[in-house]
Each structure stands twice: as C-alpha cells, then as structure tokens.
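Observations on chain architecture
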Amino acid sequence: QTARALQYAPTEGLEACKAAVATVMGAEGTPVDPEDLLITTGGQQVIDLVCKALIDPGDVIVAEGPTYPGAIPAFTAYQADVVQIPLDDDGMPIDLLEETLDRLEREGRRPKFIYTIPNFQNPGGVTMSLPRRRRLLQIARERELFVLEDNPYGVLRYEGDPLPSLFGLERASGSGANEFVIYLGTFSKVLSPGLRLGWAAAPHPVLAKLNTGKQGADLNSSTISQLFVAEYFASGAWPAYITTLKERYRRRRDTMLDALAEHAPPEAHWTRPQGGLFIWATLPDWLDTTDLLARALSRNVAFVPGRAAFLNGQGGSSMRLNFSGVAEPEIREGVRRIGEVIAEQVRLYGALTGRRDPEPPARRPAPSDDALADVLHLPRPGKGAGRRSGETR
C-alpha cells in the first residue's frame, strides 16, 4: 500500500476513493454510479474544468447573485460573461431566471451553463426550495442547458428537512439518467480541506471532456490523499464524525446569530442558514464593507466584503461571516469587534451629515434576510479572538 501511494493513479481516480464519494452522496440521498465520477484536486478544479470544457471567450454563464467568490476568478479567467440572478430566501428565483434566459435569447446569446449552490448557499446562506429545484430541472430539459450544481455543504444540515439534490432529482426522473446536471462535491467541508480532493458526477459525454482537461492539468489527483480517504471511510468512523461536526457548527451558528442581534445596528439584516458555514449580513447602504474591512483588520478580525461575490460592483454594504472556524467565545468577541467598527462608522457618518447618532441597538431576534449579503469571519494567526482562518474548496 505504501508503494502504491507513491505512484500515479488513474485520472478518473481510484475505485476505493470513488466508493467513498458514493458514500457521501448516498448519505444525502443521492445515489451515484462510480462510472459517473471523476476525482479532482478539490471542488475548485471542477469549476475550472467545466469552464475549460464549455466556455469560449464571451460565452454566457448564469449564476446567483451573490455567488461563491472563488468561482468568479475561474469564470473571468475564461473570459465568460456572467449574468447574475438576485437571490431571495428560497434561493434563485426561477421566474427571474426565465426572464433572463428569454432576454438572452432575444439578444442571440445562449448560456453555456447555469451555476447554482442550492444548499446553504455560499455566501448567501439560503437554500433553494424544492419547487424551484424541480422547475430549474424542467427549464434545463426544455432549453437543453447544463446546470453546474455546487454542493459542498449538503450533509451539513442543522435543522429542517433534507432536500434532494438536483443531480438526484434528475436521475429519479423518467429517463433514470443524468443529461444536464453536473454535480460538484468536495471532501474539504466534511473531512479536511488540506486533502485537496473533490469530485464531479456528470453525464458521460461531459465527464469524458472533464477527464481530458484534467489529464492536461495534473494527470491525477494525489494518490496519497485518495488512499487516506478510502481508508478513513472503510474504518466506519465517518457517520459519528459528521454528527459531531454538525452539532458543533450548529452551536457556532447560533452564537453568531445571537452576537449579531446584540452588536449589529438596527438597520442591518442577515440570513439564518439551516446548514453550511456562512451568514450573509447586509448593513445600511451608506456603509461600505470594503472600507470597513480595513478598519476591522486593525482589531484582528476580518470578513469577506460583499463585492467579492458580484461581478458588477454590487454588494458594497454586505459581508460574509464564517462561523465554522473558531469557538463560541471567539465568535462573540469577533462580532463585538466588528460591531465596534460599525458603530464608529455610524458616528462618523452622523458627524459628516449632521444626522443624530442612532440609538444603540437593542437585543432582538435575528430576522430572516431578504437582501442577502454575505459575511466571512477570517481571524488572524495568533492567540485569542481574531485568528485568521482561510477557506478552501
């Protein structure tokens, strides 16, 4: 086994690692044929390979707004024209999607694919409803459009009823096969980001193109990492670990929601995710979170400014907060520090405009978010609150 770990692996991945992928997808109620799988170097590589296979300069990609900040560099690297659909509490509004597709058709532009994160969206924190999932699949069939389903967090649900994946819904349809959904998964959120292992599940013609692209990129993903994953899942420890992880993240989410209710200004609102890692917070529109970040960094606390999740400069008053990386006391302290910085900006705004400073916010229940702004807590290295943690795919 040691000698095998130091050798090349098939481009599509080791069978034992693909079996572990099938275990993860099966835990979410999405059966998959190992022949439909490609092991990749993180979920990020799936986005890159799909763009490499499908996108020519100027081609259209339809995505949610906000969308995963890591997808934007991949889209722009292939010179795609990304059209974003504003989110609401139930995910991507399909009526707006249809209006957008109709407009693009009138302009003679046909999207190459629709990119969506249906579960606990990054950065929005919202989940696409079941009726919208079904309608999205119907649109994909009617218009013969690919859908790239990015699902890193599907098993990390803390409340509510599980929803079927788009990939699973299409497979359960009349044909019993996948024709339009490309599924992206990763071990980064359910095991370890340092392994750099993800996967794609796709229709065979698409999978063949992704395989060819991967051969040209890196031949195969780490054999050592694949064998590690295979051994770990063979040990049977995974279900108990996921249970522990979900309980820990649920507590951290609740702590961050409580801290926001205590320290955010009254005009702010944020999402209450049922799972995943992120809360998207929106501040008064005259506050700029890019400027706010520079001030927050001086207090050893950080977040992702909302503009990173858009391609057109939107999201200036929004931010993504990540509650997964640090313990509850650090979350409370980090949000308190962000609240201090916001309060300073509010006072400065009042001084410049002549408006009276708003009263300190009273503690209140966290409302559901309609505007969908995304915040990430990125602590700095070191002790105490504010240690920075990076995010990988």
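Each chain has its residues counted from 1, following the order in which its sequence is written. Confidence filtering applies because this is a predicted model: local features only for residues at pLDDT of at least 70, side-chain atom pairs given and counted only at 80 or more, and all residues used for totals across whole chains, interfaces and linings. Here the side-chain values reflect all heavy atoms present in the structure, with hydrogen atoms and water set aside.

**Focus on the packing of aromatic side chains**
Each pair of aromatic rings taken from Phe, Tyr and Trp, with Trp reduced to its six-membered ring, is defined by centres within 6.5 Å and is described as stacked if the planes are under 30 degrees apart, edge-to-face if over 60, and tilted in the remaining cases. Using the criterion set out here, one finds eight aromatic pairs in the structure. Where Phe167 meets Tyr183, the ring centres are 5.9 Å apart and the plane angle is 65 degrees; that geometry is what we call edge-to-face. Pair noted here: Phe167 is in helix H7 (residues 166-171) and Tyr183 is in strand S6 (residues 181-186), with a separation of 16 residues, a long-range link. It is Arg320 that lies over the ring of Phe278; its NZ or CZ is 4.2 Å from the centre. Helix and strand assignments follow DSSP, with helices taken as H or I runs no shorter than four residues and strands as E runs no shorter than two, numbered in order from the N terminus. Only when the NZ atom of a Lys or the CZ atom of an Arg is both within 6 Å of the ring centre and within 35 degrees of the ring normal do we say a charge sits over the ring.

**Considerations on the packing of helix H3 (residues 42-54) against helix H8 (residues 204-218)**
Put simply, H3 and H8 touch, their axes get as near as 9 Å, and they point 110 degrees apart. The orientation of H3 relative to H8 falls into the category roughly perpendicular. For the crossing formed where H3 meets H8, the hand is right-handed. In this structure, H3 contributes Gln45, Leu49, Val50, Lys52 and Ala53 to the contact, and H8 contributes Lys209, Leu210, Gly213, Lys214, Ala217 and Asp218. Classifying every residue of the contact of H3 with H8 gives five nonpolar, two polar and four charged. Geometry is summarised by axes, namely lines fitted to C-alpha atoms with helices restricted to the contacting stretch, and by angles between N-to-C directions that run from 0 to 180 degrees. Our angle categories are set so that under 35 degrees counts as roughly parallel, over 145 as roughly antiparallel, 65 to 115 as roughly perpendicular, and the remainder as oblique. Crossing handedness follows the turn of the near helix against the far one: under a right angle anticlockwise gives a left-handed crossing, and clockwise gives a right-handed one. A contact between two residues is defined here by any heavy atoms of the two lying within 4.5 Å. Only Asp, Glu, Lys and Arg are considered charged in this grouping, and only Ala, Val, Leu, Ile, Met, Phe, Trp, Tyr, Cys and Pro are considered nonpolar; every other residue, Gly among them, is considered polar.

**Quick word on the packing of helix H2 (residues 15-27) against helix H9 (residues 223-234)**
Helix-helix packing is described using two parameters, namely the angle between the two axes and the distance between the axes. Two elements in contact, H2 and H9, have axes whose closest approach is 8 Å; the angle formed by their N-to-C orientations is 55 degrees. The angle between H2 and H9 falls in the class oblique. Taken as a pair, H2 and H9 cross one another with a handedness that is left-handed. Listed contacts from H9 to Ala16, Cys17, Ala20, Thr23 and Val24 of H2 are Gln226, Val229, Ala230 and Phe233.

**A short note on the sheet that holds strand S3 (residues 81-86)**
At least two DSSP bridges between two strands are needed for those strands to be called paired. Here seven strands make up an open sheet; going across it, the order is S1-S7-S6-S5-S4-S2-S3 and the pairing mixed. A single partner strand is all that each edge strand has here, and the edge strands are strand S1 (37-40) and S3. Going from strand to strand, the sheet's axes swing by 20 degrees on average, the running direction of each strand aside. Relative to strand S7 (residues 198-201), S1 runs antiparallel, the two sharing four bridges. Pairing of Ile39 across the sheet is with Trp199, part of S7. Sitting on the sheet, helix H5 (residues 94-106) is in contact with strand S2 (60-65), S3 and strand S4 (111-116), with an inclination near 150 degrees to S3.

**What to know about the pairing of strand S5 (residues 146-150)**
It is a general feature of regular strands that their side chains alternate between the two faces of the sheet. Remark: exposure states derive from per-residue accessible area (1.4 Å probe, protein chains only) relative to the maximum for the residue type, with buried under 20%, exposed over 50%, and partly exposed in between. Where burial is concerned, most of S5 is hidden: four out of the five residues are buried. Alignment of S4 against S5, held across four bridges, turns out to be parallel. From the neighbouring strand, Phe113 faces S5, where its bridge partner is Phe146. Orienting the strands away from the viewer, one traces the path from the first strand over the helix to the second; a clockwise path indicates a right-handed crossover. At this point the chain moves from S4, through helix H6 (residues 130-143), to the parallel S5, and the crossover so formed is right-handed. Bridge count for S5 against S6 is four bridges, and the pairing is parallel. Bridge pairing in S6 links Leu148 to Ile182.

**Description of unusual backbone geometry**
Residue Pro66 follows Gly65 across a cis peptide bond; omega there is 10 degrees. Along the chain, the position of Pro66 falls in the loop between S2 and helix H4 (71-77). Unusually for a residue other than glycine, Arg196 sits at a positive phi of about 55 degrees. Looking at where Arg196 falls in the secondary structure, it is placed in the loop between S6 and S7.

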